[in-house]
Amino acid sequence: MVLKVYADRLSQPSRSVLLFCKIIGIDFEEIQVEVLKNQRFSPEYKAINPMSQVPAIVHGHFKLFESHAILIYLSCSFPGVANHWYPSDVSKRAKIHSVLDWHHSNLHRGSVGLILNTIMAPKGFPSSPQAAKEAEKILMKSLYKLETFWLKDGSFLVGSSQPSIADISLVCDIMQLELLSDKDFDRILSPYKKVLRWIQDTKKATGPHFHEVHGLLFKAQKRIRGQMATQTFSALSKI
């Protein structure tokens, strides 16, 4: 019974599920659902996820969507998953759940809002300068909480010395900021030294899989930053 993962590697929640599958060695089939081509609205995909979001999985007759739920399901359903990813201790699990619940209303909301209203706007997504400004405020507050609370007692989230599914979910979200210009990326993240160190620690802990899963994002980053440089040069040449 091969696990099917429906994902778009430009989607941060999709990357978190793909990364975890690779880390724990699950035999799975990756099925691409391109968000920019609106493939998530196809009748075939809506039969799997009526919410028309990625990622989603099909495991035999079982269908599931929402990345956090998927990560928990994978942790509990496949043998050989190291305990630190989703501990058997109920209190430790509860702390991981608290991070994941906080994530979607804070860090994810801020990063998605900023990218959609800046980088993705030229690709036809509705944009708003005011929405971008509000999203950045949410993002900065979230990074501050990440720095001063979630990472205050350990190398990884909630005081752990090893990463959990929460670390994977949140770090994949922050990586979306790589689509910003170098200047904006540094401006937003450079004040948060613990966050930057945690990103590097999580990359190292997830080995070569991290860079492989983020390969499409890095290609998009190179293309977008190249376009930014061209536009800047064109504007300056007209002065």
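Computed from a predicted model, the values in this text were never measured in an experiment.

So, how was this worked out
- Going along each chain's sequence as written, the residues are numbered from 1 onward.
- Totals for whole chains, interfaces and linings use all residues, but because this is a predicted model, local features are given only for residues with pLDDT of at least 70 and pairs of side-chain atoms are given and counted only at 80 or more.
- Neither water nor hydrogens contribute to the side-chain values; these are computed over all heavy atoms in the structure.
- Basic side-chain nitrogens of Lys or Arg form a salt bridge, by our definition, when they fall within 4 Å of a carboxyl oxygen of Asp or Glu.
- Think of it this way: any DSSP run of H or I at least four residues long counts as a helix, any run of E at least two long counts as a strand, and we number them from the N terminus.
- A 1.4 Å probe rolled over the protein chains alone gives each residue an accessible area, and that area as a share of the maximum for its type sets the label: buried under 20%, exposed over 50%, partly exposed in between.
- When DSSP locates at least two bridges between a pair of strands, those strands are taken to pair.
- Axis definition: a line fitted to C-alpha atoms, over the contacting stretch in the case of helices. Angles run 0 to 180 degrees between N-to-C directions.
- Any pair of residues with heavy atoms lying within 4.5 Å of one another is described as a contacting pair.
- By definition, any crossing whose near helix is turned counterclockwise from its far helix by less than a right angle is left-handed, and any crossing with a clockwise turn is right-handed.
- Three classes are used, and their members are as follows: Ala, Val, Leu, Ile, Met, Phe, Trp, Tyr, Cys and Pro are nonpolar, Asp, Glu, Lys and Arg are charged, and the others, Gly among them, are polar.
- Looking down the strands as they point away from the viewer, one classifies a crossover as right-handed if the path from the first strand across the helix to the second runs clockwise.

S.K.: Would you take a moment to explain the pattern of salt bridges for this structure?
M.R.: Opposite charge on two side chains allows them to pair when their charged atoms are near. Considering all chains together, one arrives at eight salt bridges under this definition. Taking the shortest distance from any N to any O, the salt bridge between E30 and R9 comes out at 2.7 Å. On the criterion of sequence distance, the pair formed by E30 in strand β2 (residues 28-32) and R9 in the loop between β1 (3-7) and α1 (12-24) is long-range, its members being 21 residues apart. Relative accessible area serves as the criterion here: at 33%, E30 is assigned to the partly exposed category. Relative accessible area serves as the criterion here: at 15%, R9 is assigned to the buried category. Across the pair R225 and D182 runs a salt bridge whose closest N-O atoms are separated by 2.3 Å. Residue R225 is located in helix α11 (residues 215-237), and its partner D182 is located in helix α8 (residues 182-189); the two are separated by 43 residues in the primary sequence. On the accessibility criterion, R225 (18% relative accessible area) is buried. Connected through salt bridges with shared partners, the residues R9, K22, E30 and E212 form a single ionic network.

S.K.: What should I look at first to understand the sheet that holds strand β4 (residues 62-65) in this one?
M.R.: Backbone-to-backbone hydrogen bonds join strands into a sheet, with any given pair of strands oriented parallel or antiparallel. If you trace the four strands from one edge of the open sheet to the other, you get β2-β1-β3-β4, paired in mixed fashion. Looking at which strands have only one partner, the edges of the open sheet turn out to be β2 and β4. Averaged over all neighbouring strand pairs, the angle between strand axes comes to 20 degrees, with direction disregarded. Here β1 runs beside β2; their pairing, made up of five bridges, is parallel. Within β2, the residue paired with L3 across the bridge is F28. On top of the sheet, α1 reaches β1 and β2; it is set at about 150 degrees to β1, its chief contact. Strand contacts of helix α3 (residues 67-77): β1, β3 (56-59) and β4, with the helix running at about 135 degrees to β4, the strand carrying the most contacts.

S.K.: I keep staring at the packing of helix α5 (residues 107-116) against helix α6 (residues 129-150) and nothing clicks. Help me out?
M.R.: For any two helices packed against each other, one specifies the crossing angle of their axes together with the interaxial distance. Direction vectors running N to C along α5 and α6 enclose 145 degrees, while the axes themselves pass 7 Å from each other. In terms of crossing hand, the pair formed by α5 and α6 is left-handed. Facing L107, R109, G110, S111, G113 and L114 of α5, the residues of α6 in contact are A132, A135, E136, I138, L139, S142 and L143. When grouped by side-chain class, the residues that make up the contact of α5 with α6 number seven nonpolar, four polar and two charged.

S.K.: Sorry if this is basic, but what is going on with the environment of H97 here?
M.R.: Among the secondary structure elements, H97 is positioned in helix α4 (residues 90-105). For H97, a relative accessible area of 31% corresponds to the partly exposed category. Taking the C-alpha atoms as reference points, H97 and E134, separated by 37 residues in sequence, lie 26 Å from one another.

S.K.: What exactly am I supposed to notice about the pairing of β1 here?
M.R.: Along β1, four of the five residues are buried, which leaves the element largely enclosed by surrounding structure. Where the polypeptide runs from β1 across α1 and back to β2, its parallel neighbour, the crossover connection is right-handed. Summarising the sheet, β1 and β3 pair through three bridges and their orientation is antiparallel. Counterpart to K4 in the pairing with β3 is V58.

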